There are 2 protein chains.
Amino acid sequence: MGGNKERNERWFMSPFVDSQVAISARIRFARNFEDYPFPMKITGEDARKMAKETADAVLGSGFALDEGFRFFDISNNPIETLLPLMERHVLSSQLAQKQGVKGLLLNSKENLSIMLNEEDHIRIQSIYPGDNIDNAYESAEIMEAMIEERGCRYAYDHEYGYLTSCPTNTGTGLRASLMLHLPALEASKFISKLVPALGKFGMTVRGIHGEGSESLGAVYQLSNQITLGKSEQEILQQLKSSAAHVISQENNAREKLLTENGLKYRDRLYRSYGILKHCRSLDIKEGMDLLSDVRIGFLSRIYEMDRPDRTIYGLMMDIQPGNLAAQAGKTLTSEELNVYRADFIREAL
Amino acid sequence: MGGNKERNERWFMSPFVDSQVAISARIRFARNFEDYPFPMKITGEDARKMAKETADAVLGSGFALDEGFRFFDISNNPIETLLPLMERHVLSSQLAQKQGVKGLLLNSKENLSIMLNEEDHIRIQSIYPGDNIDNAYESAEIMEAMIEERGCRYAYDHEYGYLTSCPTNTGTGLRASLMLHLPALEASKFISKLVPALGKFGMTVRGIHGEGSESLGAVYQLSNQITLGKSEQEILQQLKSSAAHVISQENNAREKLLTENGLKYRDRLYRSYGILKHCRSLDIKEGMDLLSDVRIGFLSRIYEMDRPDRTIYGLMMDIQPGNLAAQAGKTLTSEELNVYRADFIREAL
């Protein structure tokens, strides 16, 4: 979960994450096994057995070998050691904070993962750079099938579909989402009109860290709210058409900023770059806002990256408090962390 | 009054202008000739004669030849062509705006000048980088004596001293001033307490462009208010001791900012540098404030100038609207001027 070599393999180091409005596409399946009580009732012993069975099923497959999957027993990890994984969206805060047996299966790119004993027995997740929701869905399906093929039986009801701990996930157990970068819609305040409008189509908009989190760096998650009574394909289609609408609105708003207010906007994008290249102290909120500007600066070809081995979204992950502290390799005060963040960004840009 | 070669010779391109709190020392003598009516009563013909006589006296001297003095008849110049000279403090706004015969004698470094037919017949001025008030005084005296030696007789009263148009200049006709950079006293708001205290000692504090001007870039002029009833040496001594007090207060305040509030202050100095190096639009006020920070950054050896042929105070002159427009060599809208200013500073830093 640590070193530099591994870091450079991660999915968000792909230049494709900075190539358009959509940063990433994510699919999540919630599944439970019929041979075990649901997580809220499961005993420690059963939980361990369930986790081992699933881990064996996954790690024994050729697919997992190709993908460099590893199993992490995080049952006894202090929460601060789990923070980097939470910030990189491979571990939910719910699982990190939960007491008892819990585990994580994770590939080397960190785009494929399976959480064990979260709200459901397993949470299969697949992330792809850009708007590639179909690829993400395909990989999630492969993981889901792989576990079933090795003898684990999912709790399934012919009327309701896949059974889950929380009824909001019952049915397909599918959550499909896109991470979108919406600085122009945020700047024009249009985002506050868009959110309720999307709600009417069963879509929800959240901040970068999911439910209840505020938006940082103008990064938003667009996802489906309803899993029951719709087919997987309907859900994906709904997400795609909603996303297409939001993305086109964002592109229009960017165009408008760059033409109608061009000088002022370009000046701002340059200043943000200048501040990141020179400042000596940077908190997370300002860091994310400045990186948001710089992402537009690069995408609009206003300026170029000095270091093409970096991605802006990758830097957004890197400067999160947990990831940053992990890279520093020692405990830092909040002021020291701000200094380290500024040093890191200057070096990385 | 124009080209790049001349520009690089100017006194404010000397690194000494950025070596301490004091940017420059200035001496001004107000003198009138007894053979002519005072400027408010002089006829055009007499004014022309007086100007020619003075110009001949100055230009015929070996000193003026060594210094590269030239005479400029500015009687018919539109005011916008005079703006650059006003901003560089070799021409008063009063003379620039005055109707009728008027002239300027100026050396190539632009630190020695004589205004003709301003409020008084002549205004002799000498500027030296740093706090070198004695050198400035010596050069002004040389110019004053040179004119007298060539047969021009100053209006002088044995009781009152040199006679001037305005009684506030009568006596020595001397104004001695220091241009001081006081960002730390400004930041700590202590400057507002200092100004009235200095008034009690007959000293006055003004903005960068003199009487009635606001401070820009934390640059202030400290000068004597009273010319009558004091000897030249008393006036110089009073300026020196007042300046020593202000300079030591400023240095203490800087020290305090850099130690007590070190990280935040250093971060700010770096950010200002980063903005100047990257912005695409810059108004005069922000430009001066950012250069003020950068002057401290360089003086405190927090960072270095990429181009040692430049001085910060020189850049402060360069980005004034008139000088900037003159360098652009064409008429610019205020928005275009802000873009040109940003381009100029990026290139120059």
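Here is a short report on the structure shown in this document. (Residues numbered from 1 in each chain as written. Chains lettered and ligands numbered in written order. Predicted model: local features only at pLDDT ≥ 70, side-chain atom pairs only at ≥ 80, totals over all residues. Heavy atoms only, no water.)

### Some thoughts on the interface of chain A and chain B
- The partner chain B presents 15 residues to the 15 residues of chain A that form the contact.
- For the pair chain A and chain B, the summed buried surface comes to about 1,500 Å²; carbon and sulfur atoms form 66% of the total.
- The largest per-residue losses of area from chain A upon contact with chain B belong to Leu263, Arg271 and His278 of chain A, which jointly make up 40% of the total buried on that side.
- Viewed at the interface, chain B and chain A are joined by 2 salt bridges. (Contact = heavy atoms within 4.5 Å. Buried area = accessible area lost by both parts, 1.4 Å probe. Salt bridge = Lys/Arg side-chain N within 4 Å of Asp/Glu carboxyl O.)

### A few points about the pattern of salt bridges
All names here are of chain A.
- Evaluation of the coordinates by the stated rule reveals 42 salt bridges over all chains.
- The residue Arg123 makes a salt bridge to Glu119 at a minimum N-O spacing of 3.3 Å.
- In this structure Glu119 comes out as partly exposed when scored by relative accessible area, which is 23%.
- Of the charged contacts, one joins Arg307 and Asp309 as a salt bridge, the two residues approaching to 2.9 Å between their closest N and O atoms.
- A relative accessible area of 23% places Arg307 in the partly exposed class.
- Several salt bridges converge on common partners, so that one network encompasses Glu118, Glu119, Asp120 and Arg123. (Buried < 20%, exposed > 50% of the residue type's maximum accessible area, 1.4 Å probe, protein only.)

### Regarding the nonpolar core
- Core analysis: the largest hydrophobic core is formed by 134 residues, its most contacted members being Ile27 and Tyr313 of chain A together with Tyr313 of chain B.
- Counting residues per element, this core draws most heavily on helix α9 (residues 232–260) of chain A, which supplies 8 residues.
- For Tyr313 of chain A, the residues in contact, after removing those within four places along its chain, are Trp11, Phe12, Val17, Asp18, Ile23, His89, Met179 and Ile208 of chain A.
- Counting 55 residues, the second-largest nonpolar core is a separate cluster that includes Ile114, Ile133, Leu185 and Tyr220 of chain B. (Core = buried A, V, L, I, M, F, W, Y, C linked by side-chain atoms within 4.5 Å. Helix = DSSP H or I, 4+ residues; strand = E, 2+ residues; numbered from the N terminus.)

### Quick notes on the environment of Ser14 of chain B
All names here are of chain B.
- As for its placement among the helices and strands, Ser14 is situated in the loop between α1 (4–9) and β1 (22–31).
- Considered as a pair, Ser14 and Tyr313 are 299 residues apart in the sequence and their alpha carbons are 9.6 Å apart.
- Residues within four places of Ser14 in sequence aside, it is in contact with Pro129 and Thr311.

### Details of the sheet that holds strand β9 (residues 203–207) of chain A
Residues and elements named next belong to chain A.
- Ordered in space as β2-β3-β4-β5-β1-β8-β10-β9, the 8 strands form an open sheet in which the pairing is antiparallel. Looking along the sheet, the strands with just one partner apiece sit at the ends: β2 (70–73) and β9. With strand direction ignored, the average angle separating the axes of adjacent strands in the sheet is 20°.
- Of the strand pairs in this sheet, strand β8 (residues 174–181) and strand β10 (residues 219–224) are connected by 5 bridges, and their pairing is antiparallel. Within β10, the position partnered with His181 by the bridge is Val219.
- Packed onto the sheet, α9 meets β1 (22–31), β8, β9 and β10 and runs at close to 10° relative to β8. (Pairing = 2+ DSSP bridges. Axes fitted to C-alpha atoms, helices over the stretch in contact; angles between N-to-C directions.)

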